[in-house]
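What follows is the residue order along each chain.
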Amino acid sequence: MKKYDVTGIGNALVDIEFKVKDQFFLDNAVEKGLMTLVDEERQNALMKVINTAEAKKQCGGSAANTVIAVSQFGGKSYYSCKVANDELGKFFMDDMKEAGVDNNLNPDKLEEGITGKCLVMVTEDAERTMNTFLGITQTYSVADVNEAAIKDSKYLYIEGYLVTSENGKAAMRHAKKLAEENGVKVAMTFSDPAMVKYFKPAFDDVIGHSVDMLFANEEEAMLYTGKDNLLEAREELKKVAKHFVITQGKNGAMIFDGDTFIDIEPYQTTAIDSNGAGDMFAGAFMYGITNGHSYASSGKLASMASSKIVSQFGPRLKWHEAKEILARLNP
């Protein structure tokens with residue numbers, strides 16, 4: 001028996017989420033709909049023009065949101081990450097503890113520096129735009145990977161955003177190799193279309209011959225495969241992933257279980273915030289497949305969970321909401 005269902009590696013960011021109108025992007029030269037890496041000066045300038053009183057703050061990062069979801073549904077998860085010895089670093093640690101996720105952070109051994117933060121701007125059409133200052137998480141490296149946790153997990157979950165630095169890529173490759181050598185399955189998410197567009201060779205390098213599970217949205221799947229339609233893209237993905245999920249927003253999702261494609265129906269919802277929807281889908285799905293559910297059942301759970309996430313502000317469920325969704329899956 002493994003101690004953890006999922007061990008994730010990825011960025012540790014404090015998400016500061018707030019609502020804006022489209023005019024905000026024009027006034028402040030922000031590219032809508034993408035995750036953009038910015039320096040601290042740029043992020044501080046944006047912080048000065050937002051209404052921080054109405055902002056929602058919680059620990060985040062793509063893979064962090066996913067492993068928290070695993071925990072909320074009743075799974076056991078671990079997160080390997082890096083924060084600084086500052087106020088936001090302590091906030092991140094406390095929030096992860098409250099979420100029930102074990103991690104590698106020791107309050108007595110945190111380095112000096114600045115904990116990364118992500119400004120999440122949500123517009124009335126529910127689209128999320130992110131400006132991220134990575135801070136100390138940019139130095140996440142092989143040294144921060146907890147090998148024991150990976151070996152004692154059913155799955156390693158790798159965040160795609162790590163490809164932006166050489167040390168991040170080295171950590172991805174190291175963790176994947178370690179998992180494969182110890183019979184641990186490897187899952188990866190592309191994280192964002194911009195990552196696939198600008199770092200495709202890095203993904204090729206990390207993926208190598210294949211991964212056990214890959215998460216992508218429609219745009220990422222087509223960008224990575226170079227195909228202009230989903231039917232061709234999904235055939236290409238078979239060459240690099242034994243199993244995969246392609247999320248399709250309001251149209252649900254498509255799962256390849258290794259043999260056949262399974263269409264996952266969407267759940268009716270009124271979308272107000274798409275931030276974290278893909279992370280939640282991955283987390284609920286990973287909980288499902290590591291806790292005895294079929295691919296179809298896991299996809300249904302993930303679809304329910306992500307439809308709930310987009311109907312509210314913020315990338316995380318409340319504990320009782322996760323229990324209610326599970327009860328709907330298993331009435």
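Being a predicted model, the structure only gives us computed values, none of them experimental.

Some thoughts on the overall build of the protein chain
- Along its length, the protein chain carries twelve helices and 14 strands.
- Relative to the 2.2 N^0.38 estimate, which gives 20 Å for 331 residues, the radius of gyration of the protein chain is 18 Å and therefore close to what a compact globule would have.
- Its C-alpha atoms give the protein chain principal-axis dimensions of about 50 × 45 × 40 Å.
- Within the protein chain, the fraction of its 331 residues that count as buried is 58%.
- Taking the intrachain contacts of the protein chain between residues at least 6 apart in sequence as the baseline, contacts between residues at least 24 apart amount to 75%.
- Just so you have it, the protein chain exposes about 14,000 Å², and 49% of that area is on carbon and sulfur atoms.

Structural notes on the environment of Q43
- Mapped onto the fold, Q43 is located in helix α2 (residues 40-48).
- Look at Q43 and you get buried, because its relative accessible area is 0%.
- For the pair Q43 and A305, spaced 262 residues apart in sequence, the C-alpha to C-alpha distance is 31 Å.
- Apart from residues no more than four positions distant in its own chain, Q43 is found in contact with V38, K117, C118, L119, N131, T132 and F133.
- Looking at Q43, its side chain comes within polar contact range of the main-chain oxygen of K117, at 2.8 Å.

Considering the pattern of salt bridges
- Evaluation of the coordinates by the stated rule reveals 19 salt bridges.
- D95 is the salt-bridge partner of R316, the closest N and O atoms lying 3.2 Å from each other. Of the two residues, R316 sits in the loop between α11 (295-310) and α12 (319-329) while D95 sits in helix α4 (residues 87-98), which places them 221 residues apart along the sequence.
- Accessibility expressed as a relative area gives 12% for D95, which makes it buried.
- With a closest N to O distance of 3.2 Å, D192 and R128 form a salt bridge. Of this pair, D192 sits in the loop between β10 (185-189) and α7 (193-207) while R128 sits in strand β8 (residues 128-135), and the two are 64 residues apart along the sequence.
- When its relative accessible area of 0% is taken as the criterion, D192 is described as buried.

A closer look at the nonpolar core
- In terms of nonpolar packing, the biggest core is built from 50 residues, with F73, Y79, F92, F215, F285 and M286 touching the most fellow members.
- The element best represented in this core is helix α10 (residues 277-290), accounting for eight residues.
- Core analysis: the next-biggest nonpolar cluster, separate from the first, contains 46 residues, V122, L214, A216 and V240 among them.

Some points on the packing of helix α3 (residues 62-72) against α10
- Close contact between α3 and α10 brings their axes to 7 Å; oriented N to C, the two are set at 40 degrees. By the criterion of interaxial angle, the relationship of α3 to α10 is oblique. Regarding α3 and α10, the two cross each other, and that crossing is right-handed. Of α10, the residues touching α3 (which contributes S62, N65, T66, A69 and V70) are D279, M280, A282, G283, A284, M286 and Y287.
- Its residues assigned to classes, the contact of α3 with α10 shows seven nonpolar, four polar and one charged.

Describing the sheet that holds strand β7 (residues 115-122)
- Judged by pairing direction, the sheet is mixed, and its five strands sit side by side in the order β3-β8-β7-β2-β4 without closing on themselves. Pairing within the sheet leaves two strands with one partner each, and these edge strands are β3 (35-37) and β4 (56-60). Each neighbouring strand pair of the sheet contributes to a mean axis angle of 25 degrees, computed without reference to strand direction.
- Sheet topology places β7 next to β8; seven bridges connect them, and they run antiparallel. Following the sheet pairing, T115 is matched in β8 by G135.

Regarding the packing of aromatic side chains
- The tally for this structure, following the rule as stated, stands at twelve aromatic pairs.
- Between the aromatic rings of F215 and F285, the centroid separation amounts to 5.9 Å while the plane-to-plane angle is 80 degrees, which identifies the pairing as edge-to-face. A residue pair is termed long-range when its members are at least 10 positions apart, and F215 in strand β11 (residues 211-217) and F285 in helix α10 qualify at 70 residues. F285 shares its class with F215; the two are buried.

Regarding the sheet that holds β10
- Pairing in this open sheet of nine strands is mixed, and the strands run β6-β5-β1-β9-β10-β11-β12-β13-β14 from one edge to the other. Looking at which strands have only one partner, the edges of the open sheet turn out to be β6 (102-103) and β14 (261-264).
- Packed on one face of the sheet, helix α8 (residues 218-225) meets β11 and β12 (241-247) and runs near 115 degrees to β11.

Cut-offs used in this document
- Residues numbered from 1 in each chain as written.
- Predicted model: local features only at pLDDT ≥ 70, side-chain atom pairs only at ≥ 80, totals over all residues.
- Heavy atoms only, no water.
- Helix = DSSP H or I, 4+ residues; strand = E, 2+ residues; numbered from the N terminus.
- Rg over C-alpha atoms; globule rule 2.2 N^0.38 Å.
- Buried < 20%, exposed > 50% of the residue type's maximum accessible area, 1.4 Å probe, protein only.
- Contact = heavy atoms within 4.5 Å.
- Areas by Shrake-Rupley, 256 points an atom, 1.4 Å probe, with all protein chains shown as cover.
- Polar contact = N/O pair within 3.5 Å; in protein donor to acceptor, adjacent residues only side chain to side chain.
- Salt bridge = Lys/Arg side-chain N within 4 Å of Asp/Glu carboxyl O.
- Core = buried A, V, L, I, M, F, W, Y, C linked by side-chain atoms within 4.5 Å.
- Axes fitted to C-alpha atoms, helices over the stretch in contact; angles between N-to-C directions.
- Parallel < 35°, antiparallel > 145°, perpendicular 65-115°, else oblique.
- Left-handed = near helix turned anticlockwise from the far one by under 90°.
- Nonpolar A, V, L, I, M, F, W, Y, C, P; charged D, E, K, R; others polar.
- Pairing = 2+ DSSP bridges.
- Phe/Tyr/Trp six-rings, centres within 6.5 Å; stacked < 30°, edge-to-face > 60°.

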